[in-house]
Amino acid sequence: MDRKSLAAAFPATVPVLMGYLAIGIAFGFMLQSIGYNFIWAFFMSLTIYAGSGQYLGVSLLSTCAALGTVALMTLIVNFRHLVYGLSMLEKFRGMGPRKIYMIFSLTDETYALLSSVQAPPGVDRRNFYFAIALLDHSYWIAGSVIGAVAGALLPVDTTGIEFAMTALFIVIAVEQWEGYKSHLPALLGGGATLISLALAGRENLLLPALGAIVLVLLVLRDRLEEKGEPAGPHCVKEEEKPC
């Protein structure tokens, strides 16, 4: 990765920077409040790097949950990341050893960016994608450490603070809605989620909704690829030819 790729990637990651600092700080506050200092925050964010999973981890640590419970709950909450990795295999082709990190780093927000952003002309797209993933990861680590340090120095009531992550993803979803001509994927995802909510209930909707979304997207893949270009007259495809 070169400085040119980092410079090109940074503007695209600014929304994630602002969001990750906020929700990372919130996570650090929560972790500190149950007795784990900034060192734990750093290594959890470095090696786990799953926002909702780490928020869940705070609850599991505070209740001394059994390892079996931890494994099951983590699988349920982060199951969607398996889908993220599978859907990006073609996009990450040719990235060599970096592919492992790219799949590991696919948080909701990084996945949303990589699904829509295009490398500027003259910038290697693989280095560009890697820079985005690396920058987002660094933002999350920084926010977590800042929050844990601040939590040790300042008394903070963390009630409801976990909603910051939901708010960030809503912002990114709105940006994607506005940036794409076709809203069919978003509508399909929303419809599948509502049906799953009605049939399975709030506590069990995640896995059925994800399964239905993946199935529908596979069936309609060709149609979605034809209509999924970003809106606007200046979009550039991965091979850097004008759309």
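Before reading on, note that the structure itself is shown above.
Keep in mind that this is a model prediction, so the values were computed, not measured.

Enquirer: I'd like a rundown of the pattern of salt bridges, residues and numbers included.
Expert: Pairs may arise between side chains of opposite charge once their charged atoms sit close together. Considering all chains together, one arrives at 1 salt bridge under this definition. Between Arg93 and Glu90 there is a salt bridge whose closest N-O contact spans 2.8 Å.

Enquirer: How would you explain helix α1 (residues 3–33) if you had to name every residue and give the values?
Expert: Between its terminal C-alpha atoms α1 stretches only 38 Å, short of the 45 Å expected from 31 residues at 1.5 Å a residue. Along its length, α1 shows its largest kink, about 55°, at Thr13, and proline Pro15 lies within four residues downstream of that point.

Enquirer: A description of a nonpolar patch on the surface should follow, citing residues and the corresponding values.
Expert: Taken together, Phe38, Ile39, Trp40, Phe42, Phe43, Leu46, Val149, Leu153 and Leu154 make up a surface patch of nonpolar side chains, about 870 Å² in accessible area. Elements with a contribution of two residues or more to the nonpolar patch: α2 (38–47) and α8 (125–153). The biggest single contributor to the nonpolar patch is α2, with 6 residues. Structurally, the position occupied by Phe42 is in helix α2. Given the relative accessible area of 30%, Phe42 is considered partly exposed.

Enquirer: Any chance you could break down the nonpolar core for me, citing the residues and the numbers?
Expert: For soluble globular proteins, nonpolar side chains are generally found buried alongside one another. Among the nonpolar cores identified, the biggest contains 38 residues, and Phe27, Met102, Leu114 and Phe128 are the most heavily contacted of them. Those elements that place two or more of their residues in this core are α1, α2, α3 (51–62), α6 (98–104), α7 (108–116) and α8. Considering every element that reaches this core, the biggest residue donor is α1, with 11 residues. The contacts of Met102, once residues within four sequence positions are left out, are Phe92, Met95, Leu114, Tyr129, Phe130 and Ala133.

Conventions adopted
Sequence order as written defines residue numbering, which begins from 1 separately in each chain. Per-residue local features are limited, in this predicted model, to residues with pLDDT of at least 70; the limit for side-chain atom pairs, both in listing and counting, is 80 or more; totals at the level of whole chains, interfaces and linings are taken over all residues. The side-chain numbers reported here are obtained from all heavy atoms of the structure, hydrogens and water having been left aside. For salt bridges, the criterion is a side-chain nitrogen of Lys or Arg within 4 Å of an Asp or Glu carboxyl oxygen. Numbering of helices and strands runs from the N terminus; a helix is a DSSP stretch of H or I covering at least four residues, while a strand is a stretch of E covering at least two. For a helix, the expected span equals 1.5 Å multiplied by the number of residues minus one. Throughout, the bend at a residue refers to the angle made by two axes, fitted to the seven residues ending there and to the seven starting there. Like-charged residues are merged into a patch within 9 Å and nonpolar side chains (Val, Leu, Ile, Met, Phe, Trp, Tyr) within 5 Å, provided each residue has over 30% relative accessible area and no salt bridge. Here the accessible surface of atoms and residues is derived via Shrake-Rupley with a 1.4 Å probe, and residues count as covered only by protein chains that are part of the display. The classification of residues rests on relative accessible area computed with a 1.4 Å probe and restricted to protein chains. Under 20% of the type maximum is buried, over 50% is exposed, and intermediate values are partly exposed. Among buried residues, the Ala, Val, Leu, Ile, Met, Phe, Trp, Tyr and Cys ones that are joined through side-chain atoms within 4.5 Å form a nonpolar core. By definition in these notes, contact holds between two residues if any of their heavy atoms fall within 4.5 Å.

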